[in-house]
2 protein chains.
Amino acid sequence: MAEGTASVKVYRGLRDIYFDRSRCTYIDGRAGDLRYRGYSIHDLAEHATFEETAWLLLHGDLPTRTALAEFDRKLKLARTLPPAIYDIIRLTKSGHPMDVLRTATSALASFDPDTADNSRPATLRKAVRLISQVPMIIAAHARMRQDQAPVPPARDLGHAANFLWMLKAEKPDDEAARLVDRDLVLHAEHGSNASSFTARVVTGTNANLHAAITAAIAALSGPAHGGAAEDVMKMAEEIGDPSRAGEYVRERRKAGDPVTGFGHRVYRVEDPRARHMRSGVERLSKEMGQPRWYEILQAVVQAMAPYARHGVNVNVDFYSGVVYYLLGIPRDLFVPIFAIGRVPGWVVQVLEQQENNILIRPLTLYDGPPGRTFIPIQQRPE
Amino acid sequence: MAEGTASVKVYRGLRDIYFDRSRCTYIDGRAGDLRYRGYSIHDLAEHATFEETAWLLLHGDLPTRTALAEFDRKLKLARTLPPAIYDIIRLTKSGHPMDVLRTATSALASFDPDTADNSRPATLRKAVRLISQVPMIIAAHARMRQDQAPVPPARDLGHAANFLWMLKAEKPDDEAARLVDRDLVLHAEHGSNASSFTARVVTGTNANLHAAITAAIAALSGPAHGGAAEDVMKMAEEIGDPSRAGEYVRERRKAGDPVTGFGHRVYRVEDPRARHMRSGVERLSKEMGQPRWYEILQAVVQAMAPYARHGVNVNVDFYSGVVYYLLGIPRDLFVPIFAIGRVPGWVVQVLEQQENNILIRPLTLYDGPPGRTFIPIQQRPE
């Protein structure tokens, strides 16, 4: 902390630094292993709904049928927004959906009866509300920016299906709902990623849950965290045909530019979440008579194969953007949908931080000018 | 990152971990030394205005008279809020001032012409606007929650005086304006404190400035970061008379409770900022015929003297809350006023992060259950 400590080690990006323990998510970046509460992401992606996964994350064990039914009932009852939130969405609707989501989520703090209560039961009550309110905000904004009225939630639909319903005012088909549900499961939690870490830093000051989630949304809005899904679709459009993928990749690599949807701070092999969306892209693009998109992506993967041994592999966002595109969802909603999935993960990180709280306050090493003599402005040369 | 790495070191709170370099602020916690851009906080507190200090922080050198006049002109021109922001403050006015400030600052993203532009010139333009808009939001909310109309900014007043004017609709006396101005200087920057660090984590994902500042406000709202000024005044009221300070301190220490306004993660001696507000409290409490407040605080300091050798010393918040109390400012505005001061510091941290950007993503050490076998819900026991 003193000048002249140039020999001190600086951990840029806090890479490989452990700042705390977590009982929630096991990630082995070398083996490509991901588990929520001890359960493999592959089992959860294949067999569990988002609601079931959210319960698992929040409570630490798989729910019984009764517990899940009760949780589901609470989530459905929580599908409601104060009228002022619709007004705020309308007033700010010209903004990017992530900016609007951040503003409206922050505003919920003025209406939640438990805002200032940081106890565990209150945090869990607020979590149920936020899980249900975040997709409502996103869908309402998507409608209102097109001068359409928000679609009231359907209390008979699951979380993913209800989101699609509120977005499009049509009952989604089962396959589409299942794919989005799976994507939410895959995005529900991922250790101390930048947005969850932000939520923990904010919680470290004993701020409330709305503050932590608002800040997490702020972090997720950055392209280096949440943005790849959007960019992959842009890349696929730019490539246009599978035969051009090789050339595209060669040119990017030659220019030293990264290829979108490849590489991850943690994984050195394929992101274990990727395969579940890959099968979705394959099925959906065939069903919709647009097999080209799947073929383009696979051609990119093939062209990238030489780099895989250096740890540059497909990440989860590589396929999910194309799924959303095929479902007719606007590109700037891809990251907000990531947020819908991540709410339970953020809450778990907040709960763990609160349990044994500590201010998270690292240091920067000073390398500015040495002490200087102050000259009052009256005597300062022009 | 793999299981069984129990031998790995966990740096809880990231205490003593350097995550990057900074050319802005030098802090020597053992010597009690604080410098902005090489200039001692003591010189700045005595001789520089908030506007001058903000320029110094943003540009790295003291401004010439011409540069400062130009900056001052820009700040005054930027004293304007979109009408929608007043609507949003009205809609959320029941919330805590920090929640409302966070929401309204976030909402500004929908109206700023440079929101999505993360270049340095755009960030500096947005910084000027945010420096002027943050106090407007706080003052407008303070008025509107009492069903009073917001007070239009006075373009002939400096930053601190204009804030007091917008808050009370009376021209503040010079001494009050000078004290608040000094408090803003003292709070303008402080290295990688929790809110500035939050701003850097959010910027690490390439999110926009409004996202970073909104998240910083979220972090500052926690009592462990911004809250002490509010609590010191509560403590002074509870003690009530200087003669009771000794007993109060003994009882707190016996119960193992900290005494508010003492201790800091970084300083092992008296916080160098404290003395400048101490003289303010002394003068103001005499002038206002309420010398008791200064006497109570000094009696607490005396009672705490035995602990000073263990590094538990007065911090900056110890005196500033009493200054605000004596100026008739509601207690829940003490932390928002801290935010007014800190905007330039947050922007500097964002600019430094953007210069050589990297995702800030530390790790948590897994200590949850080992791999478990998933049982589909249909076969799961009740």
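Rules behind the numbers
- Residues numbered from 1 in each chain as written.
- Chains lettered and ligands numbered in written order.
- Predicted model: local features only at pLDDT ≥ 70, side-chain atom pairs only at ≥ 80, totals over all residues.
- Heavy atoms only, no water.
- Helix = DSSP H or I, 4+ residues; strand = E, 2+ residues; numbered from the N terminus.
- Rg over C-alpha atoms; globule rule 2.2 N^0.38 Å.
- Buried < 20%, exposed > 50% of the residue type's maximum accessible area, 1.4 Å probe, protein only.
- Pairing = 2+ DSSP bridges.
- Least-squares fit on C-alpha atoms with pLDDT ≥ 70 in both.
- Phe/Tyr/Trp six-rings, centres within 6.5 Å; stacked < 30°, edge-to-face > 60°.
- Lys NZ or Arg CZ within 6 Å of the ring centre and 35° of its normal.
- Domains from an automatic or database assignment.
- Contact = heavy atoms within 4.5 Å.
- Buried area = accessible area lost by both parts, 1.4 Å probe.
- Axes fitted to C-alpha atoms, helices over the stretch in contact; angles between N-to-C directions.
- Parallel < 35°, antiparallel > 145°, perpendicular 65-115°, else oblique.
- Left-handed = near helix turned anticlockwise from the far one by under 90°.
- Nonpolar A, V, L, I, M, F, W, Y, C, P; charged D, E, K, R; others polar.
- Salt bridge = Lys/Arg side-chain N within 4 Å of Asp/Glu carboxyl O.
- Polar contact = N/O pair within 3.5 Å; in protein donor to acceptor, adjacent residues only side chain to side chain.
- Core = buried A, V, L, I, M, F, W, Y, C linked by side-chain atoms within 4.5 Å.
- Arc of directions from axis to C-beta.

Undergrad: Explain the overall build of chain A to me, and be specific about the residues and the numbers.
TA: Along the backbone of chain A there are 16 helices and five strands. Here the C-alpha radius of gyration of chain A, 22 Å, is about what a compact globule of 382 residues would show, namely 21 Å. Taking the principal axes of its C-alpha atoms as reference, chain A extends roughly 75 × 55 × 45 Å. Burial analysis of chain A (382 residues in total) assigns 62% to the buried set.

Undergrad: Which residues make up the sheet that holds strand S3 (residues 33–36) of chain B, and what are the values?
TA: Residue and element names in this part refer to chain B. With antiparallel pairing, the three strands of this open sheet are ordered in space as S2-S3-S4. The two strands at the open ends of the sheet, each matched to only one other strand, are strand S2 (25–28) and strand S4 (39–40). Where S2 lies against S3, four bridges are found, and the strand directions are antiparallel. Bridge pairing in S3 places Tyr26 opposite Arg35.

Undergrad: Requested: an account of the relation of the copies chain A and chain B, with residues and values cited.
TA: For the pair chain A and chain B, the best superposition has an RMSD of 0.0 Å and corresponds to a rotation of 180° with a translation of 0.0 Å parallel to the axis. The transformation just described matches what one would write down for a two-fold rotation axis. Residue Ala215(A), judged by its C-alpha, is the member of chain A lying nearest the rotation axis, at 2.1 Å.

Undergrad: Report on the packing of aromatic side chains, specifying residues and quantitative values.
TA: A complete count under the given rule lists 15 aromatic pairs over all chains for this structure. Between Tyr26(A) and Tyr366(B), the aromatic rings sit 5.4 Å apart at their centres with planes inclined by 65°, giving edge-to-face as the arrangement. Residue Tyr26(A) is located in strand S2 (residues 25–28), and its partner Tyr366(B) is located in strand S5 (residues 363–366); the two belong to separate chains. The pair Tyr26(A) / Tyr366(B) is uniform in exposure class, with both members buried. One aromatic cluster is present, built from ring pairs that chain together Phe19(A), Phe197(A), Phe19(B) and Phe197(B). Between Arg253(A) and the ring centre of Tyr307(A), over which it is positioned, the NZ or CZ distance is 3.9 Å. Seen from the ring of Tyr11(B), Lys9(B) lies directly overhead, with NZ or CZ sitting 5.1 Å from the centre.

Undergrad: I'd like to hear about the domain arrangement of chain A, residue by residue, with values.
TA: Residues and elements named next belong to chain A. You can read the domains of chain A as domain 1 (64–225 + 336–355) and domain 2 (228–326). The interface of domain 1 with domain 2 comprises 13 residues on the first partner and 16 residues on the second. With both chains or domains summed, domain 1 and domain 2 bury close to 1,300 Å², and 56% of this area falls on carbon and sulfur atoms. When the area that domain 1 buries against domain 2 is broken down by residue, the three leading residues are Leu179, Leu186 and His190, summing to 43%.

Undergrad: Tell me what's going on with the packing of helix H13 (residues 245–254) of chain B against helix H15 (residues 292–308) of chain B, and back it up with residues and numbers.
TA: Residues and elements named next belong to chain B. Here H13 crosses H15 at 45°, and the two axes come no closer than 8 Å. On the basis of their axis angle, the class for H13 and H15 is oblique. The handedness of the crossing between H13 and H15 is right-handed. Every residue of H15 that contacts H13 at Ala245, Gly246, Val249 and Arg253 is listed here: Ile296, Ala299, Val300, Ala303, Met304 and Tyr307. Grouping the constituent residues of the contact of H13 with H15 by class yields eight nonpolar, one polar and one charged.

Undergrad: Residue-level account of the pattern of salt bridges, with values.
TA: Counting across every chain of the model gives 52 salt bridges over all chains. Put simply, Lys76(A) and Asp72(A) hold a salt bridge, and the shortest N to O gap is 2.8 Å. One end of the pair, Lys76(A), and the other, Asp72(A), are both in helix H3 (residues 65–77), four residues apart, so they sit about a helical turn from each other. Arg73(B) is the partner of Glu70(B) in a salt bridge, and the nearest nitrogen-oxygen pair spans 3.1 Å. A residue pair is termed a helical-turn pair when its members lie 3 or 4 positions apart in one helix, as Glu70(B) and Arg73(B) do in helix H3 (residues 65–77) at three residues. Here the salt bridges do not stand alone but share partners, grouping Arg12(A), Asp20(B), Arg200(B) and Glu352(B) into one network.

Undergrad: Please give an account of the packing of helix H10 (residues 209–220) of chain A against helix H10 (residues 209–220) of chain B that cites residues and values.
TA: Look at H10(A) against H10(B): their axes get within 9 Å of each other, and the N-to-C directions meet at 160°. One way to sum up the angle between H10(A) and H10(B) is to call them roughly antiparallel. Crossing angle aside, the handedness with which H10(A) passes H10(B) is left-handed. Each of Ala211(A), Thr214(A), Ala215(A) and Ala218(A) in H10(A) lies in contact with H10(B), whose residues at this interface are Ala211(B), Thr214(B), Ala215(B) and Ala218(B). For the contact of H10(A) with H10(B), the residue count by class is six nonpolar, two polar and no charged.

Undergrad: If you had to explain the interface of chain A and chain B to someone new, which residues and values would you point to?
TA: Each partner contributes to the interface: chain A provides 112 residues, whereas chain B provides 111 residues. Sorting the residues of chain A by area buried against chain B places Tyr18(A), Arg361(A) and Phe374(A) first, and these three jointly supply 9% of that buried surface. Connecting chain A to chain B are 64 residue pairs in polar contact (both at pLDDT 80 or more). Among the residues forming the side of chain A that touches chain B, the class breakdown is 50 nonpolar, 37 polar and 25 charged. Note that strand S5 (residues 363–366) of chain A and strand S1 (residues 18–22) of chain B share four bridges and pair parallel. Residue Thr364(A) lies in a different strand from S1(B), and its bridge partner there is Asp20(B).

Undergrad: Go over the nonpolar core, please, and point to the residues and values.
TA: Counting 245 residues, the largest nonpolar core has Val300(A), Phe318(A), Ile329(A), Val300(B), Phe318(B) and Ile329(B) as the members making the most contacts within it. Apart from residues no more than four positions distant in its own chain, Phe318(B) is found in contact with Val232(B), Met235(B), Thr260(B), Gly261(B), Phe262(B), Leu297(B), Val300(B) and Val301(B). Counting residues in hydrophobic clusters, the runner-up holds 12 residues, among them Leu14(A), Leu14(B), Phe197(B) and Ile360(B).

Undergrad: Describe the environment of Arg182(A), and please don't skip the residues or the numbers.
TA: Residue and element names in this part refer to chain A. Of note, Arg182 is situated in helix H8 (residues 174–187). The spacing of Arg182 and Arg35 is 147 residues in sequence and 15 Å in space, taken between C-alpha atoms. Those residues within four positions of Arg182 in sequence are excluded, and the remaining contacts are Ala45, Glu46, His276, Ser279 and Arg283.

Undergrad: I'd like a description of helix H4 (residues 83–91) of chain B, backed by residues and values.
TA: The periodicity of an α-helix, 3.6 residues per turn, causes residues three or four places apart in sequence to face the same way. Those residues of H4(B) not exposed but buried are Ala84(B), Ile85(B), Ile88(B) and Ile89(B). For H4(B), the angular spread of the buried residues around the axis is 145°, confining them to a single face. Tucked into the core, H4(B) has its buried residues touching helix H4 (83–91) of chain A together with helix H5 (97–107) and helix H6 (120–144) of chain B.

Undergrad: Lay out the sheet that holds strand S4 (residues 39–40) of chain A with the relevant residues and their values.
TA: Strand order across the open sheet formed by three strands is S2-S3-S4 (chain A), with antiparallel pairing between neighbours. Each of the sheet's edge strands pairs with one partner strand only, and the pair in question is S2 and S4 of chain A.

Undergrad: How would you explain the side chain of Arg380(B) if you had to name every residue and give the values?
TA: Structurally, Arg380(B) can be placed in the segment after S5. Side chain to side chain, Arg380(B) and Glu52(A) meet in a polar contact 2.5 Å long. Of the polar contacts made by the side chain of Arg380(B), one reaches the backbone oxygen of Ile375(B); its length is 2.9 Å. If near-sequence neighbours (up to four positions away) are discounted, Arg380(B) is found in contact with Glu52(A), Leu62(A), Pro63(A), Arg65(A), Phe374(B) and Ile375(B).

Undergrad: Give a description of the environment of Arg265(B) that names residues and reports values.
TA: Considering the arrangement of structural elements, one finds Arg265(B) in the loop between H13 and helix H14 (274–287). Separated by 201 residues in sequence, Arg265(B) and Thr64(B) have C-alpha atoms that sit 35 Å apart. Excluding anything up to four places from it in sequence, Arg265(B) contacts Ile358(A), Leu359(A), Ile360(A), Arg361(A), Gly13(B) and Arg15(B).

Undergrad: If you had to explain the side chain of Asn208(B) to someone new, which residues and values would you point to?
TA: Here Asn208(B) shows up in the loop between helix H9 (194–204) and H10. Judged by relative accessible area, which is 11%, Asn208(B) ranks as buried. In terms of polar contacts, Asn208(B) uses its side chain to reach the backbone amide nitrogen of His210(B), at 3.1 Å. Beyond its immediate sequence surroundings of up to four residues, Asn208(B) is in contact with Asp99(A), Arg102(A), Thr115(B) and Asn118(B).

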